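Analysis of the macromolecular model
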Amino acid sequence: MEEQTLSIIKPDATKRSITGKINNIIEEAGLKIVAQKRIHLTREQAEKFYSVHAEKPFFKDLVNYMISGPIVVQVLQASNAVSLYRSVMGATNPEEAKSGTIRAEFAKSLEANSVHGSDSDENANIEISFFFKAEEIVG
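Residues numbered from 1 in each chain as written. Predicted model: local features only at pLDDT ≥ 70, side-chain atom pairs only at ≥ 80, totals over all residues. Heavy atoms only, no water.

**Observations concerning the sheet that holds strand E4 (residues 115-117)**
Strand order across the open sheet formed by 4 strands is E2-E3-E1-E4, with antiparallel pairing between neighbours. The open sheet has two edge strands with one neighbour each: strand E2 (32-39) and E4. The average undirected angle you get between the axes of adjacent strands in this sheet is 20 degrees. By the bridge criterion, 7 bridges tie E2 to strand E3 (residues 71-78) in an arrangement that is antiparallel. Looking at the pairing, Gln36 lines up with Gln74 of E3. Of the strands in this sheet, strand E1 (3-9), E3 and E4 are in contact with helix H5 (residues 81-89), which crosses E1 at around 30 degrees. (Pairing = 2+ DSSP bridges. Helix = DSSP H or I, 4+ residues; strand = E, 2+ residues; numbered from the N terminus. Axes fitted to C-alpha atoms, helices over the stretch in contact; angles between N-to-C directions. Contact = heavy atoms within 4.5 Å.)

**With respect to H5**
Of all the residues in H5, the buried ones are Ala81, Val82, Leu84, Tyr85, Val88 and Met89. The buried residues of H5 occupy an angular sector of 170 degrees when the element is viewed end-on, so they sit on one face. Summarising the contacts, the buried residues of H5 are in contact with E1, helix H2 (19-28), E3, helix H6 (102-106), E4 and helix H7 (121-131). In the segment just after H5, Gly90 is the residue with positive phi, at about 90 degrees. (Buried < 20%, exposed > 50% of the residue type's maximum accessible area, 1.4 Å probe, protein only. Arc of directions from axis to C-beta.)

If you want it as structure tokens, here you go:
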């Protein structure tokens with residue numbers, strides 16, 4: 001059965017106009033982009049989306065970073081979308097990311113690591129519904 005996961009192309013990547021390069025890697029890995037939109041998060045949206053990190057010391061910087069420019073939110077689909085996309089993204093710390101992964105190729109730092117992906121099927125469903133209505137997802 002096909003799974004879905006959320007992908008966010010973060011402000012550091014959209015500012016450098018590398019969305020297409022990132023999506024090329026995503027699609028070559030076998031993930032299908034079934035929904036996509038370019039948005040600029042408000043502070044309120046970013047705080048709500050990252051509320052799980054609200055008590056952590058990096059929360060304010062994370063929110064400020066995520067509202068610093070446009071992002072591209074996408075729904076990706078494949079038989080193992082969550083785990084496949086996480087392997088395509090590479091380690092959160094780009095210095096630890098395997099060659100050929102998105103973060104190894106494009107991340108500027110631990111914070112400006114170019115992409116976000118859901119970490120579980122449960123969170124994928126929550127995150128997808130945060131940004132998309134069911135009718136916006138076209139498989």
